[in-house]
Amino acid sequence: MPQCSLLAGSPEDLVEISTHDRKGQPLRTVFDTRTGIVRNEPIPSDAELEKFYALDYRVRYKGSAEPRKRQILRNSRLARDFFAANAETLRSVQTVLDVGAGSGEYVFAAKYLDKKAAGLEPNIRYAHYCRDELQLDITTGFVERSRYPSGMFDLIILSHVLEHLNDPVGCLSILRDWLAPGGVVFVAVPNIDEMCRHHSKGNMFHYGHIWNFSPSTLRIACGLAGLQERNSSKQIQGSSTEGFFEECDPRPAPASNFSAAERTYDLISRHNRGEFSKSNFAKPFKKLAHYIEEEFTSRKFSSPIEILGAVMAGQVK
């Protein structure tokens, strides 16, 4: 069993909030009434997750064993905008590691900006694609099986990865050791509070997202691993589920966080009653519009590397 007892919660404090995933398949999700932690039950084993992410995940959730042009366009824009929006914070960064590199857009963007960049990607086909099609330094594997030297990276990117892990604190602790002096880990995860408001009733949980973080529970996990939010990041992103975290002494988890837990539980209850669904009627039409635009734009390019280059050069908005 993963060593996440402080995050996983005591059995007497856990309340079942869902029995199915967003596709109607059986999946038990529980809520810790003391801390506000939301997670799948049971937590998958290492062996289960390694098989799932090495072989199954991309096909099951992305519908393809290799990235589509539309997906590459979307992720390229996200990578470009990330480095542009955080240019001041990242000004002195020279070495970058993207954990869960996917189809390689963040590693490509870092290299385009003359940084030494590498990535870790557990999915076999995606890692091969990054190496063969984009000539990127991508290692196939997981953080726990990797052996980077201490103090190697100025920036480690962990974007929409932490929620997929069975031991998020253990992973963050390893990444903390890989940070160079003054380095930062950028962490971004879905926000369970916002998901309640913006997802249609019942369309929220799935097997791949073991943990569903709120702003407070994300910072509990980081603190347990010896990471604290950088002050400049806190001023901008302190109430969201993303931010730049730097090394600190590990902090014990609070015995309780009732105010944050009550807020999240209220939102989950209202979501399950369908209170927010009536305000989301325009969402499918917006998604369709984005899909059409991405499909149309990406078809103008003959290869993934052309899309990446055009986006980074500012030839595509």
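Rules behind the numbers
- Residues numbered from 1 in each chain as written.
- Predicted model: local features only at pLDDT ≥ 70, side-chain atom pairs only at ≥ 80, totals over all residues.
- Heavy atoms only, no water.
- Helix = DSSP H or I, 4+ residues; strand = E, 2+ residues; numbered from the N terminus.
- Polar contact = N/O pair within 3.5 Å; in protein donor to acceptor, adjacent residues only side chain to side chain.
- Contact = heavy atoms within 4.5 Å.
- Salt bridge = Lys/Arg side-chain N within 4 Å of Asp/Glu carboxyl O.
- Buried < 20%, exposed > 50% of the residue type's maximum accessible area, 1.4 Å probe, protein only.
- Expected span 1.5 Å × (residues − 1).
- Arc of directions from axis to C-beta.
- Phe/Tyr/Trp six-rings, centres within 6.5 Å; stacked < 30°, edge-to-face > 60°.
- Axes fitted to C-alpha atoms, helices over the stretch in contact; angles between N-to-C directions.
- Parallel < 35°, antiparallel > 145°, perpendicular 65-115°, else oblique.
- Left-handed = near helix turned anticlockwise from the far one by under 90°.
- Nonpolar A, V, L, I, M, F, W, Y, C, P; charged D, E, K, R; others polar.
- Disulfide = S-S within 2.5 Å.
- Pairing = 2+ DSSP bridges.

A. Looking closely at the side chain of Glu229. With respect to the secondary-structure elements, Glu229 resides in strand S10 (residues 227–229). Among the polar contacts listed, one links the side chain of Glu229 to the side chain of Arg219, at a separation of 2.8 Å. Within the structure, Glu229 has its side chain in polar contact with the side chain of Ser233 (distance 3.2 Å). Those residues in contact with Glu229 that sit more than four places away from it in its chain are Arg219, Lys234, Gln237, Gly238, Glu242, Gly243, Phe244 and Phe245.

B. Geometry of the pattern of salt bridges. Evaluation of the coordinates by the stated rule reveals 19 salt bridges. Between Glu275 and Arg273 there is a salt bridge, with the nearest N and O atoms lying 2.8 Å from each other. Look at Arg273 and you get exposed, because its relative accessible area is 52%. Residue Arg299 is joined to Glu295 by a salt bridge in which the shortest nitrogen-to-oxygen separation is 3.1 Å.

C. Just helix H11 (residues 283–298), in detail. Taking 1.5 Å per residue as the helical rise, H11 with its 16 residues ought to reach 22 Å, and the 22 Å between its terminal C-alpha atoms agrees with that figure. Regarding H11, the residues found buried are Glu294, Thr297 and Ser298. Taken end-on, H11 shows its buried residues confined to a sector of 90°, consistent with a single buried face. Relative to its buried face, H11 has exposed residues pointing more than 90 degrees away, namely Pro284, Phe285 and Phe296. The elements touched by buried residues of H11 are helix H3 (69–85) and helix H12 (304–312).

D. Region of the structure containing the packing of aromatic side chains. Taken as a whole and judged by the stated rule, the model has 12 aromatic pairs. A ring pair is formed by Phe52 and Tyr53, whose centres lie 4.8 Å apart and whose planes are at 75°; its orientation type is edge-to-face. The two residues Phe52 and Tyr53 agree in class, both being buried. With centroids separated by 6.2 Å and ring planes inclined at 25°, the aromatic side chains of Phe82 and Phe244 adopt a geometry described as stacked. Of the two residues, Phe82 is situated in helix H3 and Phe244 in strand S11 (residues 242–247); the sequence distance between them amounts to 162 residues. Each member of the pair, Phe82 together with Phe244, is buried. Here a set of aromatic residues connected by ring pairs shows up, and it is made of Phe82, Phe83, Tyr106, Phe186 and Phe244.

E. Looking closely at the packing of H3 against helix H4 (residues 105–112). One way to put it is that H3 packs onto H4 with a least axis distance of 8 Å and a crossing angle of 45°. With respect to H4, the axis of H3 lies oblique. With respect to the hand of their crossing, H3 and H4 are arranged in right-handed fashion. In contact with Gln71, Ile72, Asn75, Ser76, Leu78, Ala79, Phe82 and Phe83 of H3, H4 contributes Glu105, Tyr106, Ala109 and Ala110. Residues that form the contact of H3 with H4 fall into these classes: 8 nonpolar, 3 polar and 1 charged.

F. Structural context of the state of the cysteines. This structure, assessed with the given rule, holds 0 disulfides. Cys130 carries a free sulfur, and the closest cysteine sulfur to it, the one in Cys171, is 18 Å from it. Classification of Cys130 by relative accessible area gives buried; the value is 0%.

G. Quick peek at the environment of Ser200. In this fold, Ser200 is placed in the loop between helix H7 (192–198) and strand S9 (211–212). With relative accessibility at 35%, the residue Ser200 sits in the partly exposed group.

H. Summary view of the pairing of strand S2 (residues 26–32). Of all 7 residues making up S2, 5 are buried, and the element is well covered by its neighbours. Relative to S2, strand S1 (residues 14–20) is paired through 5 bridges, and the arrangement is antiparallel. By the bridge assignment for S2, His20 is matched with Pro26. Connecting S1 to the antiparallel partner S2 that follows it, the hairpin turn spans 5 residues, and Gly24 within it adopts a positive phi of roughly 85°. In this sheet, strand S3 (residues 38–40) lies alongside S2 in antiparallel orientation, the contact comprising 3 bridges. From the neighbouring strand, Val30 faces S3, where its bridge partner is Arg39.

I. The arrangement of the sheet that holds strand S8 (residues 179–188) in detail. If you trace the 7 strands from one edge of the open sheet to the other, you get S6-S5-S4-S7-S8-S11-S10, paired in mixed fashion. The open sheet has two free edges, formed respectively by strand S6 (138–140) and S10, since each of these has just one partner strand. Looking at each pair of strands side by side, their axes are set apart by 25° on average, direction ignored. Across the sheet, H3 lies against strand S7 (153–159), S8 and S11, angled at about 135° from S7, the strand it touches most.

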